[in-house]
Amino acid sequence: MSVPLSLFSLEGRTALVTGASRGIGRAIALAYAEAGADVALLARSTDALREVAELVEKLGRQAVVLTCDVGEEDQVRAAVADTVSQLGRLDVLVNNAGGFGFAGPFLDLRAEDWARAIRLNLDSVVYFCRAAGRVMVRQGSGSVINIGSVSGVGGVPMLSHYAAVKAATASLTRSLAAEWAASGVRVNCVVPGWITTELTKAMSGQQEISDGLLRAVPAGRWGDPEDVVGAAVYLASDAAKLTTGSCLTLDGGMTSTIGGPTLVDLLAMGRIEV
Ligand SMILES: NC(=O)c1ccc[n+]([C@@H]2O[C@H](COP(=O)([O-])OP(=O)(O)OC[C@H]3O[C@@H](n4cnc5c(N)ncnc54)[C@H](OP(=O)(O)O)[C@@H]3O)[C@@H](O)[C@H]2O)c1
């Protein structure tokens, strides 16, 4: 049986992508437009969003620019309402805006660092799922894609606050998937490994740190934002219509190993007889 590529098409769909002004969110928004969707682009930087909107329009799709702080529930509700009034409906929501604020020892974590991590990565997802979920459940269809992180899969020293909120994102994904499945609304999580963006430039830009991080990545390289778009298009499309509650990992094999890099290094020195 052949699989028609049209299964992956987003023709006639509408999507709202948070954190669309740069990095992973920008790449997903442009891929959605290329796959046929009209896209609402959301972040705090209006000028950067306008540039992305021009690219979406060049692809022949409608773009809506939404200036919004994802940590403010009133603004989130208004952004979802604007999307529906300007694009007519809401088929896909990508909760992508996020970040860690700082990397460092747990004992240096200030109350405000913790509050900021929760607000940006978790409160925001709750606010958007509440506002967009109502629309989608009423519609009887929709796909919510939360951008998690490999940090939420295992413990991450020096990023403990971020690891905790990303683990919660995966948990919320599974609960909502089960709660909304009968309503035709799917909820999934995309779980990237190390991707070169503004968020990680302090790490990817320093050779020693970058080499150290890549020792835990069997593929041996940083991902690009474009490495994430295939999963986001798939989960938004009819190709994934039975997929809900899943976490799709794109990490060059990082979380598939336990102590892998050490053994790889040892075996590079020659065969070991036991
Ligand atoms: N890069 C990685 O290695 C990596 C790995 C795993 C997971 N992730 C996750 O992937 C997502 C995107 O990360 P990225 O690397 O693309 O980060 P990025 O380059 O820093 O982009 C973050 C985006 O979020 C927006 N944003 C930040 N705070 C916001 C707020 N309060 N309200 C509205 N928008 C806000 C930013 O736009 P404005 O500043 O204009 O608001 C920007 O568009 C995040 O959830 C991150 O945790 C990243």
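As the structure is a prediction and not an experimental result, all values here were calculated from the model.

Draft legend 1. Spatial organisation of the environment of Lys241. Within the fold, Lys241 resides in the loop between α8 (226–236) and β7 (247–250). Judged by relative accessible area, Lys241 falls into the exposed class, the value being 63%. For the pair Lys241 and Met158, spaced 83 residues apart in sequence, the C-alpha separation works out to 38 Å.

Draft legend 2. Seen up close, the nonpolar core. By size, the foremost hydrophobic cluster in this structure holds 36 residues, and its most contacted members are Val17, Ile28, Tyr32, Val39, Leu41, Val94 and Ile145. At the level of secondary structure, the elements contributing two or more residues to this core comprise β1 (14–18), α1 (23–34), β2 (38–43), α2 (46–58), β4 (92–95), β5 (142–147) and α8. Ranked by residue count, the leading element in this core is α1, at eight residues. Val39 has contacts with Ala15, Val17, Ala29, Tyr32, Ala33, Val56, Gln62, Ala63, Val64 and Leu87, leaving out every residue within four places of it along the chain.

Draft legend 3. Spotlight on the sheet that holds strand β6 (residues 185–192). Read across the sheet, seven strands follow the order β3-β2-β1-β4-β5-β6-β7 without closing on themselves; strand pairing throughout is parallel. Each having just a single partner strand, β3 (63–67) and β7 make up the two edges of the open sheet. The mean angle between the axes of side-by-side strands here comes to 15°, regardless of whether they run parallel or antiparallel. Note that β2 and β3 share five bridges and pair parallel. By the bridge assignment for β3, Leu41 is matched with Val65. The strands touched by helix α4 (residues 111–139) within the sheet are β1, β2, β4, β5 and β6, with β4 carrying the most contacts at an inclination of about 175°.

Draft legend 4. Structural view of the UniProt feature "domain: Ketoreductase" (unreviewed entry) in the protein chain. Those places that UniProt annotates as "domain: Ketoreductase" (unreviewed entry) correspond, in this numbering, to residues 13–197. Spanning residues 13–197, this segment combines 49% helix with 18% strand, and its end C-alpha atoms are found 27 Å apart.

Draft legend 5. Highlighting α2. Taking 1.5 Å per residue as the helical rise, α2 with its 13 residues ought to reach 18 Å, and the 18 Å between its terminal C-alpha atoms agrees with that figure. Where α2 is concerned, the buried positions are Leu49, Val52, Ala53 and Val56. Angular distribution of buried residues about the axis of α2 spans 110°; they occupy a single face of the element. Exposed and facing more than 90 degrees away from the buried side of α2 are Asp47, Glu51, Glu54 and Lys58. If you follow the buried residues of α2, they end up packed against α1, β2 and β3.

The rules we used
- Throughout, a residue's number is its position along its own chain's written sequence, starting from 1.
- It should be noted that, the model being predicted, local features are given only for residues of pLDDT at least 70 and side-chain atom pairs only at 80 or more, the latter also being counted only at that level, while totals for whole chains, interfaces and linings use all residues.
- Only hydrogens and water are removed before side-chain values are computed, so all heavy atoms of the structure are retained for them.
- A helix here means a DSSP run of H or I that spans at least four residues, while a strand means a run of E at least two residues long, and both kinds are numbered starting from the N terminus.
- For each residue, the accessible area found with a 1.4 Å probe, counting protein chains only, is set against the maximum for its type, and the residue is called buried under 20%, exposed over 50%, and partly exposed in between.
- Among the buried residues, those of types Ala, Val, Leu, Ile, Met, Phe, Trp, Tyr and Cys that are joined through side-chain atoms within 4.5 Å form a nonpolar core.
- Whether two residues are in contact is decided by their heavy atoms: any pair within 4.5 Å suffices.
- When DSSP finds two or more bridges between two strands, those strands count as paired.
- Between N-to-C directions, angles span 0 to 180 degrees; the directions come from axes that are lines fitted to C-alpha atoms, helices contributing only their stretch in contact.
- UniProt positions are given in the numbering used here, feature names are shortened, and annotations may be inferred rather than shown by experiment.
- One less than the number of residues in a helix, times 1.5 Å, gives the span that helix is expected to have.
- Note: the arc covers the axis-to-C-beta directions of the helix.

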